[in-house]
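# Remarks on the overall topology
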Protein chains: 2
Amino acid sequence: MKIIDGSITSPSGYRASGVACGLKKNGNRDLAMIVSTTEASAAGIFTKNVVKGHSLQRTMSVIRQGYAQAVIINSGNANACVGPQGLADADKMAHLLAKRVGCADSQIITGSTGVIGQPLNMEAVTNGIEIAWNKLSSEIEAGHEAELAIMTTDLVPKEAAVELEINGQRAVVAGMAKGSGMIHPNMATMIGIITTDLKVDPKLLRALLKTAADRSFNRVSVDGDTSVCDMVIALANGASGIPEISSAEDELAALLLEAMETICVKLAKMIAADGEGATKLIEVNCRGARTAEDAHQVVLAVGKSPLVKTAMFGEDANWGRILTAAGYSGVDFDPDKCNIWLGDLMVCQNGCALPFDEDEASRILNHKEITINIELGEGEASDRLWTCDFSYDYVKINGSYRT
Amino acid sequence: MKIIDGSITSPSGYRASGVACGLKKNGNRDLAMIVSTTEASAAGIFTKNVVKGHSLQRTMSVIRQGYAQAVIINSGNANACVGPQGLADADKMAHLLAKRVGCADSQIITGSTGVIGQPLNMEAVTNGIEIAWNKLSSEIEAGHEAELAIMTTDLVPKEAAVELEINGQRAVVAGMAKGSGMIHPNMATMIGIITTDLKVDPKLLRALLKTAADRSFNRVSVDGDTSVCDMVIALANGASGIPEISSAEDELAALLLEAMETICVKLAKMIAADGEGATKLIEVNCRGARTAEDAHQVVLAVGKSPLVKTAMFGEDANWGRILTAAGYSGVDFDPDKCNIWLGDLMVCQNGCALPFDEDEASRILNHKEITINIELGEGEASDRLWTCDFSYDYVKINGSYRT
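## Quick word on the overall build of chain A
When helices and strands are counted, chain A shows 11 helices and 15 strands. What you see for chain A is a C-alpha radius of gyration of 22 Å, in line with the 22 Å of a compact globule of 403 residues. Within chain A, the fraction of its 403 residues that count as buried is 65%. Roughly 14000 Å² of accessible area belongs to chain A as shown, and the carbon and sulfur atoms make up 47% of that amount. Averaging the positions of the 36 positive and the 50 negative side-chain charges in chain A gives two centres separated by 6 Å.

## What to know about the pattern of salt bridges
Applying the stated criterion across every chain, the model contains 30 salt bridges over all chains. A salt bridge links A:Arg363 to A:Glu360, with the shortest nitrogen-to-oxygen separation between them at 2.8 Å. One end of the pair is A:Arg363 and the other is A:Glu360, both in helix 10 (residues 358-365) and 3 residues apart, which spans about a single turn. Between B:Lys210 and B:Asp214 there is a salt bridge, and its shortest N-O distance comes to 2.8 Å. Pair noted here: B:Lys210 and B:Asp214 are both in helix 5 (residues 202-214), with a separation of 4 residues, about one helical turn.

## Remarks on the domain arrangement of chain A
You can read the domains of chain A as domain 1 (2-273) and domain 2 (281-399). Relative to domain 2 of chain A, the C-alpha centre of domain 1 of chain A lies at a distance of 32 Å.

## Digging into unusual backbone geometry
Both trends apply: most residues other than glycine have a negative phi, and most peptide bonds are in trans. The residue A:Glu315 is not glycine, and still its phi comes out positive at about 55°. Taking the relative accessible area as the measure of exposure, A:Glu315 reaches 29% and is therefore partly exposed. Positioned with a positive phi, B:Asn350 is a non-glycine residue whose angle comes to about 50°. Mapping B:Asn350 onto the fold places it in the loop between strand 12 (345-349) and strand 13 (352-353). For B:Asn350, a relative accessible area of 41% gives the class partly exposed.

## Here we look at the sheet that holds strand 13 of chain B
Residue and element names in this part refer to chain B. The sheet built from 6 strands is open, its strands ordered 13-12-11-14-10-15 with mixed pairing. One side of each edge strand has no neighbouring strand; the edge strands of this open sheet are strand 13 and strand 15 (381-388). Note: strand 10 (residues 281-289) against strand 15, 7 bridges, orientation antiparallel. What sits directly across from Val 284, in strand 15, is Leu 385. Contacts from helix 8 (residues 306-313) reach strand 10, strand 11 (339-342), strand 14 (369-375) and strand 15, with the element oriented near 135° to strand 14. Lying over the sheet, helix 9 (residues 319-327) contacts strand 11, strand 12, strand 13 and strand 14, oriented at roughly 130° with respect to strand 11.

## So, the confidence of the model for chain A
Residue and element names in this part refer to chain A. Of the residues in chain A, 94% have a pLDDT of 70 or more, and the chain-wide mean is 92. Ignoring residues within four places in sequence, the model shows residues 183-187, a span with pLDDT below 50, making 30 contacts including any to other chains. Two summary scores accompany this predicted model of the complex, namely pTM at 0.83 and ipTM at 0.78.

## Some thoughts on the packing of helix 2 (residues 84-101) of chain A against helix 3 (residues 122-135) of chain A
Residue and element names in this part refer to chain A. Across the interface, helix 2 lies against helix 3 with an axial gap of 11 Å and an inter-helix angle of 25°. Overall, the two elements helix 2 and helix 3 adopt an arrangement that is roughly parallel. Crossing of helix 2 against helix 3: the hand is right-handed. Contacts between helix 2 and helix 3 involve Asp 89, Lys 92, Met 93, Leu 96, Leu 97, Arg 100 and Val 101 from the former and Met 122, Val 125, Thr 126, Ile 129, Glu 130 and Trp 133 from the latter. Looking at the contact of helix 2 with helix 3 residue by residue, the classes come out as 8 nonpolar, 1 polar and 4 charged.

## Comments concerning helix 7 (residues 292-304) of chain B
Helix length check: helix 7 of chain B (13 residues) gives 18 Å between terminal C-alpha atoms against 18 Å at 1.5 Å per residue, within 8%. Those residues of helix 7 of chain B lying buried are B:Asp294, B:Ala295, B:His296, B:Val298, B:Val299, B:Leu300, B:Ala301, B:Val302 and B:Gly303.

## As for the packing of helix 5 of chain B against helix 6 (residues 251-273) of chain B
Residue and element names in this part refer to chain B. Taken N-terminus to C-terminus, the directions of helix 5 and helix 6 make an angle of 40°; their axes are 9 Å apart at the nearest point. With respect to helix 6, the element helix 5 is oriented oblique. Here helix 5 and helix 6 pass one another in a crossing that is right-handed. Counted together, Leu 204, Leu 205, Leu 208, Leu 209, Thr 211 and Ala 212 of helix 5 and Ala 253, Leu 256, Leu 257, Met 260, Glu 261 and Cys 264 of helix 6 form the full contact between these two elements. Residue composition of the contact of helix 5 with helix 6, by class: 10 nonpolar, 1 polar and 1 charged.

## Side note on the environment of A:Val115
All names here are of chain A. You can see Val 115 is positioned in strand 5 (residues 108-115). Since its relative accessible area comes to 11%, Val 115 is described here as buried. C-alpha separation for the pair Val 115 and Ala 78, spaced 37 residues apart in sequence, amounts to 5.2 Å.

## Observations concerning helix 1 (residues 54-64) of chain A
All names here are of chain A. Of all the positions in helix 1, only His 54, Ser 55, Leu 56, Arg 58, Thr 59, Val 62 and Ile 63 are classed as buried. Tucked inside the fold, the buried residues of helix 1 contact strand 3 (31-46), strand 4 (67-77), helix 2, strand 5 and strand 9 (231-236). Within two residues after helix 1, Gly 66 carries a phi angle of roughly 90°, on the positive side.

## Describing the pairing of strand 2 (residues 14-19) of chain A
If a strand is regular, its side chains alternate between the two faces of the sheet. Residues and elements named next belong to chain A. Counted residue by residue, strand 2 has 5 buried out of 6 residues, so it is predominantly covered. In this structure, strand 2 lies alongside strand 3, joined through 6 bridges in antiparallel fashion. When the bridges of strand 3 are listed, Gly 18 appears paired with Ala 32.

## Quick word on the environment of B:Phe313
By secondary structure assignment, the location of B:Phe313 is in helix 8. As a C-alpha pair, B:Phe313 and B:Leu365 span 52 residues in sequence and 8.6 Å in three-dimensional space.

## Some points on the sheet that holds strand 11 (residues 339-342) of chain A
Residue and element names in this part refer to chain A. What the 6 strands build is an open sheet, ordered 13-12-11-14-10-15; its pairing is mixed. Of all the strands in the sheet, the pair left with one neighbour each is strand 13 (352-353) and strand 15 (381-388). Docked against the sheet, helix 9 (residues 319-327) engages strand 11, strand 12 (345-349), strand 13 and strand 14 (369-375), running at close to 130° with respect to strand 11. Helix 10 contacts strand 11, strand 12 and strand 14 of the sheet and is inclined by roughly 115° relative to strand 12.

## Some details on the side chain of B:Ser75
All names here are of chain B. Here Ser 75 lies in strand 4 (residues 67-77). On the accessibility criterion, Ser 75 (0% relative accessible area) is buried. Not counting the four nearest positions on each side in its chain, Ser 75 is found in contact with Leu 23, Lys 24, Arg 29, Asp 30, Thr 113, Ala 149, Ile 150, Met 151 and Thr 152.

About the cut-offs
Residues numbered from 1 in each chain as written. Chains lettered and ligands numbered in written order. Predicted model: local features only at pLDDT ≥ 70, side-chain atom pairs only at ≥ 80, totals over all residues. Heavy atoms only, no water. Helix = DSSP H or I, 4+ residues; strand = E, 2+ residues; numbered from the N terminus. Rg over C-alpha atoms; globule rule 2.2 N^0.38 Å. Buried < 20%, exposed > 50% of the residue type's maximum accessible area, 1.4 Å probe, protein only. Areas by Shrake-Rupley, 256 points an atom, 1.4 Å probe, with all protein chains shown as cover. Lys, Arg positive; Asp, Glu negative; His and termini not counted. Charge placed at Lys NZ, Arg CZ, Asp CG, Glu CD. Salt bridge = Lys/Arg side-chain N within 4 Å of Asp/Glu carboxyl O. Domains from an automatic or database assignment. Pairing = 2+ DSSP bridges. Contact = heavy atoms within 4.5 Å. Axes fitted to C-alpha atoms, helices over the stretch in contact; angles between N-to-C directions. pLDDT = per-residue confidence, 0-100. Parallel < 35°, antiparallel > 145°, perpendicular 65-115°, else oblique. Left-handed = near helix turned anticlockwise from the far one by under 90°. Nonpolar A, V, L, I, M, F, W, Y, C, P; charged D, E, K, R; others polar. Expected span 1.5 Å × (residues − 1).

Shown next, in the form of structure tokens:
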């Protein structure tokens, strides 16, 4: 497996484009299109929020069939909470693209991200689909432009690709994502698209995607599944010519999982680092927990704590807040066995303050990437999570999002 | 029941003082003392965090006896996570005061709030106890000074008192609290002290305190019980001369509960309004839930959402974030039946955007107190919660708390 520079058009048989159709007031790209030359196996995971965006609701039924050929995603408007018109608009988006692709409407994946509760400007979308269709290209750059078109408050594009060599043949797995890994990242909508030119059984693709996402996107700040428009989609069109991977027992399934996980972890860390107003990427590790669920609860409580996150922004080695957050996580543990490190610097031993070198702590906290390590001493289970610090700019960005 | 200007010394038989002994670097008051002329029934509720401050741990065993005579609380240092020295220091604080009061050490309630993980400066505390003892007074002003001495990031003192007339005799219930009702208010430590000159059976006092706190302090932003030093203590010394209230069936018990709840709700709203960096008090109401627990989960999710709180700071009627937060609260409800109001202005009907007057919304959101009303249409249960908005200053205050 080799990490390469690439985009979602790096695997064979995919064309993409990203254009500005007028949904974003600032004139930035806001409509992304991806078209596979042939029908692809398709898998998806979706928000667990009881409120669901209309474009996403539509896509859930597409994915149930296991196959799709193209994707259309708009940013600038979530197409959520607007009543029956929302589903009609999503259907129309799909129909307009399906007509051009020459496939059934039910082969089109739709997604939307942005402000909730405002009807889509369908005139803009209709024109946009025309323009995007004419710009479709299999160049790497076209994938980059699709990525730009799904971004909202993201400051940097998030893309990753890996190359696999299988029996002398080349295959590529690539991904792009949008989302800002802030306190409730998933409220700001996380969308991820994975493309590969491998051929994969849809059920297996779903299982691999679920595992990869659990170890990546679902480890950014919160347990995922909270925004009304969150989704991660995987497409596998088989254009590499490599025979289908159809069983989890197949060693190629393990290789594909490794590739998908590598891409998803890279994207997830980029999401966390690009948190709204974020200045630092924070990795929270919990080891020595009694159960995996315990470890998960601890990293969640610490990674979500605004007090921990503001302390990291202030580069303040206030480990008491880390221990406090672990303490209210709902996990039963003996604080007298708990150790905490900032990077490699132990700051709390057996639940007690350890005299530590504040200069050394400052050096560690001054980095763009900070690791918090918590050892509970209760068992063998562990978990990790990525988040970001909490800055003035977060408040600024979110205080006037609609305007 | 009559609301009066007062302090925790307004009930008969209590003296108090609040002095500066040097624990706070800025020279503000940091040691509060309350002494009852006689032993009082004592009840307490405490943090459920598995990590507990040493002064609080000690007080938990005092309260188990049901009686106490005096209280000593320091601010500026949490006396938490410092190892065996922490309990020894709490014991010493209690002993120094008990010697002067002439009671057993086990009649002294101890509390600490401030930075975690640093040993108490016991020389300062020892001197402080001497000074505070000499300043004890039953004047209302002495109660105010005790309140000032328990404050940390609080900007305004929080006190309330009510007068009761019972068979021609006067009794008073009073309270003071500290705490900043921010996202995780209880991490910033909430301490409350209720005093009354009624005589109350300790078990009944505990039950009344629990109910009053559940409807007030445990309705500020989070479900309570998260900081390592949180506690609410009630003392009832009987100095009014009114016969003991010993049964929940007694109509005086209902009157006392009403008084305690009135005081606790006033203090809780002051805590929420005085959130770190807060500019607005937000009341979140959920009606029409299937169960009380459902209603509670919804107000919690909405009241804790940083995106809702930043929108309120920005005076942005972004109701989509309110619906989204309700949607990820874990409560199963049909969004198509959900209505949302900002104050009296309906902004979302049956889960859909309602065209509303943005000027009217701006006027409502421009107030210092904002009410968010959510109607689920699933049943009859309701709950409410107080929180505050989320501003630039929150980040500033919490980015460098230790320095």
